[in-house]
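Summary of the model geometry
What follows is the residue order along each chain.
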Amino acid sequence: MASLVSFLAFHFLFTIFQYSSLAANVNYNVQTLGAKPDGKTDSTKAFLSAWTSACASGQPATIYVPPGRFLLGTATFAGQSCKNQAITIQIDGTLVAPSNYNVIGNSGSWINFEGVTGVSVIGGTLDAQGANLWACKNSGKSCPTGATMFHILVYGSQNAKLVGMKVSAPGNSPNTDGIHVEKSSSVTIMNSKIGTGDDCISIGPGTSNLWIENVACGPGHGISIGSVGWEMQEPGVQNVTVKSATFTGTQNGVRVKTWARPSKGFVKDVLFQHLVMVNVENRIIIDQKYCPGGQNCPDQVSGVKISDITYQDIHGSSATEIAMKFDCSKGNPCSDINLEDVKLTYKNKPAHSSCINADGKASGLVQPNNCLYN
C-alpha cells in the first residue's frame, strides 16, 4: 500500500494520528542523533537520519522524539526505498515549524509521508505556527500562498487510520481545512476533535469506503463532500459514513457541494447518522450551484450525479431558518435522498426546508417538513 500523507504548513496545533500499532525492537532517539529540544535549532537532519536508519533496519523500529520542542523544517519521509514496513514514530514532545512563513511558503507542505506502508505515528503535538500567515492574509496584503491549506492531507492512500486527533485553529483563520481525504480508500477518522476556519473534514474526488465516527466539529464549516465536479473526467465519491458526530457553532453541518460545470463525477451511497447540531447555520445542505464569484462555471449546471444519500437520526438547533436545503442540478437531479427521524429547530420553533430538483422520501418524524418529491 503506497500512500501520501502530508502535514501542511501554516496551521496551528494538532495531535498526530496513528496508522496502526506495531511492536518495535530497534530504537532511534532523534536527540541522540543531534536534535535539540530548544525549539530554535534546526533538527531536520536528525529526523531524516533516524528515518533512514529505521528504513534500513531488518526488524521493527521506533523513532523516538523525547519531551521538548524540536524545530523541524520541510521534510519528506519517503517509503519507496524503505525495506522496513514496521516503523513506529513515538512523539512525546512538540514538532515546531519555522516561525518565518516564507521558509515553507513555496514548498506546499511541511511534513510528508510519501509511499509508506506500515507506519504508525503516535502521540505528540505539531505546532506549525500559522498565526503570522493568517494575520497577513486577513490584512489583505500580498502574502505567500502557503501550503495547500489542509492541516492533514490523505491522498492516494489505503487503510489509513486517524484516531484520537485534535486539530485546532481559530475560526477566522482563512482556508484551514482540518483533514482532507482524496483519491483514497478505506480511511478511518475516529474519536477526534477538530476546530478550524474552514471544513473540519473535506472529502475530495476518488474517495471510497470512508468511515468517520465520533468527531466533534467546531468552529469551522462542518463536514463536506466536495467541492467535486471541477474536472470533466473525475472519479466519484462513494460509500461514505459519518456517524455520531457533533457540530457546534459551525457554518454548516453536513454538506455536499459540486461545481456548477459539466462533469462525469458522482456522489453516491452516503450515510449521515446520529448527528447533533448546536447553533449551526446550514445543518443539512446539498449545493450543486457552487461557483464562487461566478467564475469558471461556463454553463451553471453541475454534471455530478448525486444519489442514495441518507440522513438518519439528526437533531439540533439552527442559527438560520432554513434547516434543510437541497439545491440540486437541473441537468442531473438528485435521486434517492432519504430522511429518517430528523428534527431540526430554529429558535425553539419549526424550521423550514427547501428542495430544488431533489427526489427522495421521508420516514419517521421529520422536521422541518419533507419537501422532496418522489
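Residues numbered from 1 in each chain as written. Predicted model: local features only at pLDDT ≥ 70, side-chain atom pairs only at ≥ 80, totals over all residues. Heavy atoms only, no water.

Under an unreviewed UniProt entry, the name given to the protein chain is Polygalacturonase-like, and the organism recorded is Olea europaea subsp. europaea. The Sequence similarities (unreviewed entry) comment attached to the protein chain in UniProt states, word for word, "Belongs to the glycosyl hydrolase 28 family." Comment text from UniProt for the protein chain, heading Subcellular location (unreviewed entry), reads "Secreted, Cell wall". (UniProt positions renumbered as here; feature names shortened; annotations may be inferred.)

1. Quick word on the nonpolar core
Core analysis: the biggest nonpolar cluster contains 55 residues, and Ile189, Val267, Phe272, Tyr311 and Phe326 have the highest contact counts within it. Ignoring any residue separated from it by four or fewer positions in sequence, one finds Ile189 in contact with Leu162, Ile179, Val181, Ile201, Leu210, Trp211, Ile212, Glu213 and Val215. Core analysis: the second largest hydrophobic core is formed by 31 residues, Cys55, Phe77, Cys82 and Ile91 among them. (Core = buried A, V, L, I, M, F, W, Y, C linked by side-chain atoms within 4.5 Å. Buried < 20%, exposed > 50% of the residue type's maximum accessible area, 1.4 Å probe, protein only. Contact = heavy atoms within 4.5 Å.)

2. Considering the side chain of Asn252
Summarising the element assignment, Asn252 is placed in strand β22 (residues 252-259). Within the structure, the side chain of Asn252 is placed 3.0 Å from the side chain of Asn282, a separation counted as a polar contact. (Helix = DSSP H or I, 4+ residues; strand = E, 2+ residues; numbered from the N terminus. Polar contact = N/O pair within 3.5 Å; in protein donor to acceptor, adjacent residues only side chain to side chain.)

3. Here we look at the pattern of salt bridges
Evaluation of the coordinates by the stated rule reveals three salt bridges. As a salt-bridge pair, Arg255 and Asp199 come within 3.0 Å of each other at their nearest N and O atoms. With a gap of 56 residues between them, Arg255 in strand β22 and Asp199 in the loop between β17 (188-195) and β18 (201-203) connect regions that are remote in the sequence. Asp199 matches Arg255 in its accessibility class, with the two residues each being buried. The partner of Lys289 in a salt bridge is Asp327, with the nearest N and O atoms 3.5 Å apart. Placement of the pair is Lys289 in strand β24 (residues 282-290) and Asp327 in strand β26 (residues 322-327), with a sequence separation of 38 residues. (Salt bridge = Lys/Arg side-chain N within 4 Å of Asp/Glu carboxyl O.)

4. Focus on the state of the cysteines
Applying the stated criterion to the full structure yields four disulfides. One disulfide in the model links Cys55 with Cys82; its S-S distance is 2.3 Å. Residues Cys55 and Cys82 share a disulfide whose torsion about the S-S bond is about -100 degrees; that sign makes it left-handed. Taken together, the residues span a long stretch of sequence, with Cys55 in helix α1 (residues 44-56) and Cys82 in the loop between β7 (75-78) and β8 (87-91) at a distance of 27 residues. Shown here is the disulfide that connects Cys355 with Cys371, its sulfur atoms set 1.8 Å apart. Its S-S torsion of approximately 70 degrees makes the covalent link between Cys355 and Cys371 right-handed. With a gap of 16 residues between them, Cys355 in strand β29 (residues 352-356) and Cys371 in the segment after β30 (358-367) connect regions that are remote in the sequence. Residue class for Cys355 comes out partly exposed when judged on its relative accessible area of 23%. (Disulfide = S-S within 2.5 Å.)

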